[in-house]
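A look at the structure
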Amino acid sequence: NAGVTQTPKFQVLKTGQSMTLQCAQDMNHEYMSWYRQDPGMGLRLIHYSVGAGITDQGEVPNGYNVSRSTTEDFPLRLLSAAPSQTSVYFCASGGLVDTEAFFGQGTRLTVV
Amino acid sequence: DAKTTQPPSMDCAEGRAANLPCNHSTISGNEYVYWYRQIHSQGPQYIIHGLKNNETNEMASLIITEDRKSSTLILPHATLRDTAVYYCIVRASNSGNTPLVFGKGTRLSVIA
């Protein structure tokens, strides 16, 4: 029973590089979302999806792209990494109204 | 705009009840109150949620005032493992697309 799996757990990027953070869930949830958390701060919503083929922007979408080609996967792409994107990224599955959300263990990204 | 107000930090003696307050004076009739917690940079964990009535599960109790403008999360017998940041979130119940938006939460320290 994997739940929500995020890969990689740690990543160091150079400024300007691109990469994809992976998120997979095995609970058949329609709703998935991505958050970032900076040191000492709460979580901020980047993008979310209510089902395959449907995505929408959250509070801080600039610099990130998402797609949802399957129910199981919701990758987050950094187009051109910047030091301001150094953060911990959390993927969540489920959590539509009156249900709980399940979070992955996070990806710790450092951009140098 | 923040929909909830929580104290930034609280202490609680181990074995005693931890009572975490949340003010949501602008809550609408169709908005749920959710509680999540985050233990030391892990992914957030769902605790409980409610609309009007008090709720109890194996983790905690949620007491919502009659006017619904505030609520209290109660951990009946706090342990050291309950040390975490606790987030109170309000969210509409009539829109499946409404994401979870986190504030800064309350940092609960359980002291031996």
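Throughout what follows, the structure given in this document is the object of discussion. (Residues numbered from 1 in each chain as written. Chains lettered and ligands numbered in written order. Predicted model: local features only at pLDDT ≥ 70, side-chain atom pairs only at ≥ 80, totals over all residues. Heavy atoms only, no water.)

**Let's talk about the interface of chain A and chain B**
Contact with chain A, which involves 22 residues of that partner, is made by 23 residues of chain B. For the pair chain A and chain B, the two sides together bury roughly 1,800 Å², of which 54% comes from carbon and sulfur. Linking chain A with chain B are zero salt bridges, by the criterion used here. Inspection of the chain A/chain B interface yields five residue pairs in polar contact (both at pLDDT 80 or more). Residue composition of the side of chain A that touches chain B, by class: 12 nonpolar, six polar and four charged. (Contact = heavy atoms within 4.5 Å. Buried area = accessible area lost by both parts, 1.4 Å probe. Salt bridge = Lys/Arg side-chain N within 4 Å of Asp/Glu carboxyl O. Polar contact = N/O pair within 3.5 Å; in protein donor to acceptor, adjacent residues only side chain to side chain. Nonpolar A, V, L, I, M, F, W, Y, C, P; charged D, E, K, R; others polar.)

**Some details on the sheet that holds strand S9 (residues 106-111) of chain B**
Through backbone hydrogen bonds, the strands of a sheet pair up, either in parallel or in antiparallel fashion. Residues and elements named next belong to chain B. Strands sit in the order S1-S9-S8-S3-S4 across an open sheet of five strands; the sheet is mixed. Both outer strands of the open sheet, strand S1 (9-13) and strand S4 (45-50), are each paired with one neighbouring strand and no more. Strand-to-strand twist of the sheet, defined as the mean angle between neighbouring strand axes without regard to direction, takes the value 25°. As judged from the three bridges shared by strand S8 (residues 84-92) and S9, these two strands associate in the antiparallel manner. Looking at S9, one finds that Ala84 is bridged to Leu108. (Pairing = 2+ DSSP bridges. Helix = DSSP H or I, 4+ residues; strand = E, 2+ residues; numbered from the N terminus. Axes fitted to C-alpha atoms, helices over the stretch in contact; angles between N-to-C directions.)

**Remarks on the layout of surface pockets**
For the second largest pocket, the calculated volume is near 410 Å³. Secondary structure elements with two or more residues in the lining of the second largest pocket: strand S9 (87-94) of chain A together with S8 of chain B. Looking at the lining of the second largest pocket, the element that brings in the most residues is S8(B), giving three residues. Grouping the constituent residues of the lining of the second largest pocket by class yields nine nonpolar, seven polar and three charged. (1 Å grid on protein atoms, 1.4 Å probe; cavity = no way out; pocket = protein on both sides within 12 Å on 5 of 7 lines; lining within 4 Å. Points joined across faces, edges and corners; volume = space filled by probe spheres on them.)

**Focus: the packing of aromatic side chains**
This model, assessed by the stated rule, comprises 10 aromatic pairs over all chains. For the pair Tyr87(B) and Phe102(B), a centre-to-centre distance of 5.2 Å together with 90° between the ring planes defines the contact as edge-to-face. Linking Tyr87(B) in strand S8 with Phe102(B) in the loop between S8 and S9, this pair joins segments that are 15 residues apart in sequence. Neither Tyr87(B) nor Phe102(B) differs from the other in exposure class; each is buried. By the ring-pair criterion, three or more aromatic residues cluster together here, those being Tyr35(A), Phe103(A), Tyr36(B), Tyr46(B), Tyr87(B) and Phe102(B). One cation-aromatic arrangement involves Arg68(A) over Phe74(A); the distance from NZ or CZ to the ring centre is 5.8 Å. A cation sits over an aromatic face here: Arg91(B) above Tyr31(A), 5.9 Å from the ring centre. (Phe/Tyr/Trp six-rings, centres within 6.5 Å; stacked < 30°, edge-to-face > 60°. Buried < 20%, exposed > 50% of the residue type's maximum accessible area, 1.4 Å probe, protein only. Lys NZ or Arg CZ within 6 Å of the ring centre and 35° of its normal.)

**Here's the deal with the state of the cysteines**
Residues and elements named next belong to chain B. Tallied over the full model, the rule gives two disulfides over all chains. The disulfide partner of Cys22 is Cys88, and the gap between their sulfur atoms is 2.1 Å. As the torsion about the S-S bond is roughly -85°, the Cys22-Cys88 disulfide counts as left-handed. With Cys22 in strand S2 (residues 18-23) and Cys88 in strand S8, this pair connects stretches of sequence that are 66 residues apart. Given the relative accessible area of 2%, Cys88 is considered buried. Cysteine Cys12 shares no disulfide, and the gap to the nearest cysteine sulfur, in Cys22, comes to 18 Å. (Disulfide = S-S within 2.5 Å.)

**Overview of the sheet that holds strand S5 (residues 55-56) of chain B**
All names here are of chain B. What the four strands build is an open sheet, ordered S2-S7-S6-S5; its pairing is antiparallel. Of all strands in the sheet, those with a lone pairing partner are S2 and S5, marking the two edges. By the bridge criterion, two bridges tie S5 to strand S6 (residues 61-64) in an arrangement that is antiparallel. Counterpart to Thr56 in the pairing with S6 is Ser61.

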